[in-house]
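Geometric and topological summary
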Amino acid sequence: MSMNSTGRPTRANDAPSNEVDNLKNAALLPNEPLLFEIGDIDHCGVDLPDVKIDSEYLSGFEREGSLDLPGLSEPECLRHYVRLSRLNMSIDAGIYPLGSCTMKHNPRLNEKMARLSGFADIHPLQPVSSVQGALEMIEELAFWLMELTNTDAVSMSPKAGAHGELCGMMAIKAALEAKGQGYRSIVLVPESAHGTNPATAAFLGYKVRSIPANDDGTVDVSAVIDALEENAENVAAIMLTNPNTCGLFEPDVIKIADAIHQAGAYFYCDGANFNAIMGLVCPGDLGIDAMHINLHKTFSTPHGGGGPGAGPVVLSEALAPFAPVPFIKKDGADLSLIEHVDDSQSFGRLTAFHGQIGMFTRSLSFMLSHGKDGITQAAYDAVLNANYIKARLEKVFTAPFGNQPCMHEILFDETFLDGTGVSTLDFAKAMIDEGFHPMTMYFPLVVKGAMLIEPTESESKKSLDYFCDKMLELANDAIAGNAERFTQAPKYAPLSRLDETLAARQPKLKWIKGD
Ligand SMILES: *Cc1c(COP(=O)(O)O)cnc(C)c1O
């Protein structure tokens with residue numbers, strides 16, 4: 001049995017999946033076949049009685065052939081999923097420095113709270129009188145979100161960051177229409193923006209006007225002012241991320257907000273990176289009109305991990321009347337969920353039900369267990385950890401905007417790999433062989449071969465040092481001319497370089513026997 005570089009046993013990549021003998025302990029086999037390939041239609045995991053259905057009920061639509069469902073016993077089925085889970089890279093298994101995703105530790109206390117049956121087992125269509133506790137929990141979370149941002153309102157409906165952007169921009173659109181300015185058709189979006197920002201603006205029918213970055217990675221204020229002058233009366237909003245996706249705090253954010261407001265437009269702030277400033281900066285004080293907060297990322301639950309997300313949107317006084325329904329109303333001790341309001345300026349309904357209860361519970365649990373001092377400490381530690389990585393790696397790695405401290409994440413480019421035959425992609429693949437999930441790559445687009453590293457506050461100095469040692473060892477090996485280690489990587493993953501483009505363009509969504 002061969003070993004990988006962290007001393008774990010592994011197997012050769014070429015063991016074909018159809019040779020897997022699933023009756024053996026297959027925990028370490030690299031390729032897990034589909035349930036359909038393991039099970040067969042002749043077996044069934046449970047004893048089902050023969051059902052005699054009067055065919056009159058089915059009006060001639062009775063199934064004629066077999067359903068082709070895989071038959072497995074409960075342990076066989078369980079083992080399949082446990083084996084699959086072992087193929088997952090996760091924050092619970094090691095550092096996961098995926099920039100802009102805030103892959104932080106999910107405190108188990110928050111998981112315990114989310115599983116309380118008064119939150120976990122309720123149904124959205126239950127009578128409101130029977131879910132008063134859940135509504136109170138949502139109200140309390142809403143209060144703290146407004147408190148942390150110093151804003152006047154919050155919509156709890158959006159189910160993720162991008163959905164929050166849609167919500168905030170729909171409120172802006174409704175506000176402009178209410179002022180008779182629905183003709184404003186342009187949204188300014190800095191070059192370093194997350195892809196969801198221009199996508200949201202375009203989805204709502206806006207034209208996206210790109211704003212260039214300064215040489216130091218921040219937004220060029222004069223370019224914002226020029227764009228406002230050029231398109232007088234026609235700009236609806238700016239969508240600005242702060243801290244931005246180069247990991248930098250926008251120093252001129254107040255100037256930008258003032259210019260936008262003077263032009264009669266609104267300031268949408270992408271707050272996905274709130275983890276770096278929570279408890280320290282109130283975005284409301286910076287002049288924002290709308291900002292989504294990624295509860296996943298900032299307040300427990302890593303991005304993409306542990307199920308759904310939630311992207312509540314805080315709103316300024318000017319936008320508050322346009323918030324969507326439903327919302328919670330408190331009347332003495334009674335809480336009600338307002339689903340319809342006559343004569344309201346609300347832009348309507350964004351989602352069927354009111355947000356993601358599990359995410360709400362985890363986030364409130366995170367806030368209450370951390371307290372004000374703990375929340376600010378988490379932000380300080382997230383920034384400190386990123387700057388520690390910056391300080392250790394910048395001796396070899398090239399940080400294009402490195403002459404200033406970073407916030408919660410540090411951006412490198414691939415200049416240090418020039419002439420080595422190794423690209424950012426190759427480097428990332430070699431990190432997999434070292435047991436790490438790669439950093440965010442090729443984003444933001446403002447630098448060549450971006451490597452965006454966000455350690456979060458979860459990592460100890462020991463784990464940061466382990467990560468930095470391995471990263472420096474890899475970089476020095478690439479520079480020393482050992483390109484093969486990178487271009488052939490990953491060697492120890494169950495599968496190596498997959499054709500992701502083909503998979504995205506021609507996804508196989510159906511299992512066909514023998515295909
Ligand atoms: C993660 C992220 C988003 C989108 O959030 P989702 O929950 O993935 O929709 C938007 N902007 C930035 C800067 C982000 O990091």
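None of these values were measured; they are calculated from a predicted model. (Residues numbered from 1 in each chain as written. Predicted model: local features only at pLDDT ≥ 70, side-chain atom pairs only at ≥ 80, totals over all residues. Heavy atoms only, no water.)

What follows concerns the overall build of the protein chain. Looking only at helices and strands, the protein chain has 16 helices and 14 strands in total. In terms of overall dimensions, the protein chain has C-alpha extents of about 75 × 70 × 40 Å along its principal axes. Scored against the burial criterion, the 515 residues of the protein chain give a buried share of 48%. Of the contacts made within the protein chain by residues no fewer than 6 positions apart, 70% connect residues no fewer than 24 positions apart. As displayed, the protein chain has an accessible area near 25,500 Å², and 54% of this comes from carbon and sulfur atoms. Here the protein chain contributes 40 positive and 67 negative side-chain charges, whose respective centroids are spaced 5 Å apart. (Helix = DSSP H or I, 4+ residues; strand = E, 2+ residues; numbered from the N terminus. Buried < 20%, exposed > 50% of the residue type's maximum accessible area, 1.4 Å probe, protein only. Contact = heavy atoms within 4.5 Å. Areas by Shrake-Rupley, 256 points an atom, 1.4 Å probe, with all protein chains shown as cover. Lys, Arg positive; Asp, Glu negative; His and termini not counted. Charge placed at Lys NZ, Arg CZ, Asp CG, Glu CD.)

Put simply, helix α12 (residues 357-393) and helix α14 (residues 461-479) touch, their axes get as near as 10 Å, and they point 30 degrees apart. Relative to α14, α12 is oriented roughly parallel. For the crossing formed where α12 meets α14, the hand is right-handed. Here α12 contributes Asn385, Tyr388, Ile389, Arg392 and Leu393 to the contact with α14, which in turn contributes Lys461, Leu464, Asp465, Phe467, Cys468, Asp469, Met471 and Leu472. Residue composition of the contact of α12 with α14, grouped by class: eight nonpolar, one polar and four charged. (Axes fitted to C-alpha atoms, helices over the stretch in contact; angles between N-to-C directions. Parallel < 35°, antiparallel > 145°, perpendicular 65-115°, else oblique. Left-handed = near helix turned anticlockwise from the far one by under 90°. Nonpolar A, V, L, I, M, F, W, Y, C, P; charged D, E, K, R; others polar.)

Below, the discussion takes up the pattern of salt bridges. Oppositely charged side chains can form a pair if their charged atoms are brought close together. Evaluated as defined, the whole model comprises 19 salt bridges. The residue Glu457 makes a salt bridge to Lys104 at a minimum N-O spacing of 2.7 Å. In this pair, Glu457 is assigned in the loop between β14 (451-453) and α14 and Lys104 in the loop between α3 (74-86) and α4 (108-114), connecting sequence segments 353 residues apart. Side by side, Glu457 and Lys104 carry an identical accessibility label, which is buried. (Salt bridge = Lys/Arg side-chain N within 4 Å of Asp/Glu carboxyl O.)

We now examine the sheet that holds strand β12 (residues 410-412). The three strands lie next to each other as β12-β14-β13, forming an open sheet whose pairing is antiparallel. At either margin of the open sheet sits one strand with a lone partner, and together these are β12 and β13 (440-441). Both β13 and β14 contribute to a ladder of two bridges, which runs antiparallel. Its bridge partner being in β14, Met441 is matched across the sheet by Met451. (Pairing = 2+ DSSP bridges.)

Looking at the ligand, there are 14 residues lining it, with Ser100, Asp270, His296, Lys297 and His303 nearest. Side-chain polar atom of Ser100 to an oxygen atom of the ligand: 2.7 Å apart, as the coordinates give it. For the ligand, an oxygen atom lies 2.7 Å from a polar atom in the side chain of Lys297. For the ligand, the protein covers 92% of the area, taking 380 Å² as the surface of the free molecule. (Near = heavy atom within 4 Å. Polar contact = N/O pair within 3.5 Å; in protein donor to acceptor, adjacent residues only side chain to side chain.)

For the rest of this paragraph, the subject is α14. Compared with an ideal rise of 1.5 Å per residue, which puts 19 residues at 27 Å, α14 spans 26 Å between its outermost C-alpha atoms and is within 8% of the ideal. Where α14 is concerned, the buried positions are Leu464, Asp465, Phe467, Cys468, Lys470, Met471, Leu472, Leu474, Ala475, Asp477 and Ala478. Where α14 is buried, its residues meet α12, α13 (424-433), β14 and α15 (484-487). Just past α14, the residue Gly481 takes up positive phi, approximately 105 degrees. (Expected span 1.5 Å × (residues − 1).)

All right, on to the sheet that holds strand β9 (residues 313-315) then. Pairing is mixed across the open sheet formed by seven strands, whose spatial order is β3-β9-β8-β7-β6-β4-β5. What marks the edges here is a single partner per strand, and that holds for β3 (153-155) and β5 (207-211). Within the sheet, the average angular offset between the axes of one strand and its neighbour, ignoring direction, is 25 degrees. Seen against the sheet, helix α6 (residues 132-149) touches β3, β8 (290-292) and β9 and runs at an angle of roughly 125 degrees to β3. Seen against the sheet, helix α7 (residues 161-178) touches β3, β4 (186-190), β6 (235-241), β7 (266-270), β8 and β9 and runs at an angle of roughly 175 degrees to β7.

Glancing now at the side chain of Lys390. Here Lys390 shows up in helix α12. Judged by its relative accessible area of 7%, Lys390 is buried. For Lys390, the contacting residues outside a window of four places in its chain are Gly402, Gln404, Cys406, Ile410 and Phe412.

A few words on the domain arrangement of the protein chain. As far as domains go, the protein chain holds domain 1 (19-85), domain 2 (108-367) and domain 3 (379-505). A straight line from the C-alpha centre of domain 2 to that of domain 3 covers 31 Å. Each side of the interface is counted separately: domain 2 has 23 residues, and domain 3 has 17 residues. Per-residue buried area on domain 2 facing domain 3 is highest for Cys246, Asn275 and Ala276; these three make up 29% of the total on that side. Run the count over domain 2 and domain 3 and you get zero salt bridges. (Domains from an automatic or database assignment. Buried area = accessible area lost by both parts, 1.4 Å probe.)

Turning to the pairing of β4, a few remarks are in order. β4 sits mainly inside the fold: five of its five residues count as buried. Taking every second residue as pointing to the same face, both faces of β4 are buried, with Ile186, Leu188 and Pro190 on one and Val187 and Val189 on the other. With five bridges connecting them, β4 and β5 associate as parallel partners. In the strand pairing of β5, Leu188 is matched with Arg209.

Those residues of helix α9 (residues 221-230) that sit buried are Val221, Ala223, Val224, Ala227 and Leu228. Buried residues in α9, looked at end-on, bunch into an arc of 165 degrees, giving them a common side. Looking at α9, the residues exposed on the side facing more than 90 degrees away from the buried face are Glu229 and Glu230. On the buried face of α9, the contacting elements are β4, β5, β6 and α10 (253-262). (Arc of directions from axis to C-beta.)

Attention now moves to the packing of aromatic side chains. Inspection of every chain in the model, using the stated rule, returns 10 aromatic pairs. Residues Phe397 and Phe416 carry aromatic rings whose centres are separated by 4.4 Å and whose planes lie at 40 degrees to one another, so their mutual orientation is tilted. Taken together, the residues Phe397 in the loop between α12 and β12 and Phe416 in the loop between β12 and α13 connect sequence positions 19 residues apart. For the pair formed by Phe397 and Phe416, the shared burial category is buried. Taken together through their ring pairs, the aromatic side chains of Phe397, Phe412, Phe416, Phe427 and Phe486 make up a single cluster. (Phe/Tyr/Trp six-rings, centres within 6.5 Å; stacked < 30°, edge-to-face > 60°.)

As a further point, take the confidence of the model for the protein chain. Of all residues in the protein chain, 94% have pLDDT values of 70 or greater, and the mean over the chain is 90. Here residues 11-29 scores under 50 on pLDDT; set against residues more than four positions off or in separate chains, the count is 23 contacts. (pLDDT = per-residue confidence, 0-100.)

Let us look at a nonpolar patch on the surface. Together, Val51, Ile53, Tyr57, Leu58 and Phe61 make up a nonpolar patch on the protein surface, roughly 640 Å² of accessible area in all. Topologically, Tyr57 is positioned in helix α2 (residues 55-58). (Patch = residues over 30% accessible without salt bridge, like charges linked within 9 Å, V, L, I, M, F, W, Y side chains within 5 Å.)

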